[in-house]
Amino acid sequence: MQTEFIKIIEGGLKGDPNKVLSYTKLLIQNLRKGGDDRTADRLERLISSQSSSTVFQDQLISAPVDQESRLTMANVIIPSESSFQVVFSDGMMNMVENFIGLVKNKSLLTQAGIETSTSLLLYGPPGCGKTTMAHYIAKQLNLPLVVTRFDSLISSLLGNTAKNIRRVFDFASSRPCILFLDEFDAIGKARDDQYELGELKRVINSLLQNMDEFLAAGNILIAATNHHELLDKAIWRRFTYVVDMGKPDEAIIGSLVKSIFRNIDNQIVKDQKKFDALVRSMQGLSFAEIRTVCNNAASKYIIQRKKELTYEDLLTELYLFENNNKYDDSSLVKYLESHGVSRAAISNHMGISYRQIVNLSEKSSQS
């Protein structure tokens, strides 16, 4: 609670009532968790003129905008249990849980003379769960997520990019939250854009300065990038924790598929041989791509009121995904056969005669 007291005093000295109110509400929550209801009640009476949603309403109303485009540069998200499915490797989760532990125990670490920043960098290919992980962390810490796509901060007007960066950091530092900088590699891509070398250096220096001030004040920063190789070494050094969010291995794919189909009658999970074959077929896909395939199959299962979701249903959705929804009977038959589906099962699945399946199979072999 030391952090909340400091933030409240900071807000008072700077004449920022929103900051005082935001951190007082967070302090009340923490006091109640610690069993000090008496002090919490006294603080609540002091701010009783404010509605419970004032803080979040203010965040939405006063979110910073780009002066050139007038577009909002940040969105405030309150994560819920239903907004994500977390199925990651033990290695990833251990790193993330360590980061969460660091945030929760920062006051104890400070008292022990250990200075560390609450910063986390998530990197990896698109669709591998970086945003999902940020939502998970926000939920575990019971804090709103201030999300900004870093490319939205880059302005064509000279000098505006540094100002945009400052506005976003000021906005996030004025209330209890996690600042989530998505598409963080945009600052690296700017090297090949319209920026002169001198202007780019000023932008990077502005970013580093704002990060240092933000983290020194005890705030929480998460950044995500698809192209970590574009980041300056000086930026890497600002992050206490770095997590490689790679594509899922077979074990994680299996856990994810089971999680998605946990409330749907299906033969895939029941048949280990088919389940293993399906998991192998999905190797190389990202978390997002696997969810897309499974959700499409589940949607058709519900819409068509099927009794059971079959192995062939999943393979067909995988075939459609791999072929950009281009459908060809003979190539689909070939695809299903190559994954161990019998011609009788294909006939039943596609709703055409066994003889037609034989003809289509022979046609695909000749092509």
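As a starting point, this report considers the structure included with it.

Conventions used here
Residues numbered from 1 in each chain as written. Predicted model: local features only at pLDDT ≥ 70, side-chain atom pairs only at ≥ 80, totals over all residues. Heavy atoms only, no water. Helix = DSSP H or I, 4+ residues; strand = E, 2+ residues; numbered from the N terminus. Buried < 20%, exposed > 50% of the residue type's maximum accessible area, 1.4 Å probe, protein only. Contact = heavy atoms within 4.5 Å. Salt bridge = Lys/Arg side-chain N within 4 Å of Asp/Glu carboxyl O. Core = buried A, V, L, I, M, F, W, Y, C linked by side-chain atoms within 4.5 Å. Phe/Tyr/Trp six-rings, centres within 6.5 Å; stacked < 30°, edge-to-face > 60°. Pairing = 2+ DSSP bridges. Axes fitted to C-alpha atoms, helices over the stretch in contact; angles between N-to-C directions. Parallel < 35°, antiparallel > 145°, perpendicular 65-115°, else oblique. Left-handed = near helix turned anticlockwise from the far one by under 90°. Nonpolar A, V, L, I, M, F, W, Y, C, P; charged D, E, K, R; others polar.

A look at the overall build of the protein
At step 1: In terms of helices and strands, the protein carries 18 helices and 6 strands.
At step 2: Buried residues in the protein amount to 48% of all 367 residues.
At step 3: Expressed as a percentage of contacts within the protein between residues at least 6 apart in sequence, the contacts between residues at least 24 apart total 73%.

Focus on the pattern of salt bridges
At step 1: Tallied over the entire structure, the rule returns 8 salt bridges.
At step 2: Across the pair Asp 212 and Arg 238 runs a salt bridge, and its minimum N-O distance is 2.9 Å. Here Arg 238 lies in the loop between helix 11 (233-236) and strand 6 (241-244) and Asp 212 lies in helix 10 (residues 197-216), a separation of 26 residues in the sequence.
At step 3: By sharing partners, the salt bridges in this structure join Arg 166, Asp 170 and Glu 213 into a single network.

Description of the nonpolar core
At step 1: In this structure, Met 133, Ile 137, Ile 178, Phe 261, Met 282 and Leu 314 are the most contacted members of the largest nonpolar core, which totals 74 residues.
At step 2: In this structure, Ala 63, Phe 150, Ala 172 and Leu 207 belong to the second largest nonpolar core, which totals 33 residues.

Remarks on the side chain of His 135
At step 1: When you line up the elements, His 135 lands in helix 7 (residues 130-141).
At step 2: Judged by its relative accessible area of 12%, His 135 falls in the buried class.

Examining the packing of aromatic side chains
At step 1: Counted according to the given criterion, the structure contains 7 aromatic pairs.
At step 2: Centroid distance Phe 184 to Phe 239: 6.0 Å. Interplanar angle 90°. Geometry classified as edge-to-face. One end of the pair, Phe 184, is in the loop between strand 4 (178-182) and helix 9 (186-189); the other, Phe 239, is in the loop between helix 11 and strand 6, with 55 residues separating them in the sequence.
At step 3: In this structure Phe 184 comes out as buried when scored by relative accessible area, which is 0%.

Details of the sheet that holds strand 2 (residues 118-123)
At step 1: On the basis of which strands lie adjacent, the open sheet formed by 6 strands has the order 1-3-4-5-2-6 and mixed pairing. Two strands close off the open sheet at either side, each with one partner strand: strand 1 (75-77) and strand 6. Neighbour-to-neighbour, the strand axes of the sheet open up by a mean angle of 20°, direction not taken into account.
At step 2: Taken together, the 6 bridges between strand 2 and strand 5 (residues 220-225) define a ladder with parallel strand orientation. In the strand pairing of strand 5, Leu 122 is matched with Ala 224.

Some words on the packing of helix 16 (residues 329-338) against helix 17 (residues 343-350)
At step 1: The geometry of helix 16 relative to helix 17 is characterised by a closest axis approach of 10 Å and an angle of 135° between their N-to-C directions. Comparing their axes, helix 17 and helix 16 come out oblique. Crossing geometry of helix 16 relative to helix 17 is assigned as right-handed. Contact residues: Asp 329, Leu 332, Val 333, Leu 336 and Glu 337 in helix 16; Arg 343, Ile 346, His 349 and Met 350 in helix 17.
At step 2: A breakdown of the residues in the contact of helix 16 with helix 17 according to their chemical character gives 5 nonpolar, 1 polar and 3 charged.

Quick word on unusual backbone geometry
At step 1: At Arg 305, a residue that is not glycine, the phi angle is positive and equals roughly 55°.
At step 2: Mapped onto the secondary structure, Arg 305 falls in the loop between helix 14 (287-303) and helix 15 (311-322).
At step 3: One non-glycine residue, Asn 324, adopts positive backbone phi at about 55°.

Points about the packing of helix 5 (residues 90-104) against helix 7
At step 1: Viewed as axis vectors pointing N to C, helix 5 and helix 7 meet at an angle of 40°, and their least axial separation amounts to 11 Å. Our pair here, helix 5 against helix 7, has a crossing hand that is right-handed. Along its contact with helix 5, which presents Met 93, Val 96, Glu 97, Phe 99, Ile 100, Val 103 and Lys 104, the element helix 7 presents Met 133, Tyr 136, Ile 137, Gln 140 and Leu 141.
At step 2: Partitioned by chemical class, the residues of the contact of helix 5 with helix 7 number 9 nonpolar, 1 polar and 2 charged.

Details of helix 16
At step 1: Among the residues making up helix 16, those that are buried are Ser 330, Leu 332, Val 333, Tyr 335 and Leu 336.
At step 2: Gly 340 sits one or two positions beyond helix 16 and adopts a positive phi of about 85°.

As for the pairing of strand 5
At step 1: Most of strand 5 sits inside the fold, with 6 of its 6 residues counted as buried.
At step 2: Of the two faces of strand 5, both are covered, the one formed by Ile 220, Ile 222 and Ala 224 as well as the one formed by Leu 221, Ala 223 and Thr 225.
At step 3: Bridge analysis of strand 4 against strand 5 gives 4 bridges, and the strand direction is parallel. Along strand 5, the bridge assignment pairs Ile 178 with Ile 220.

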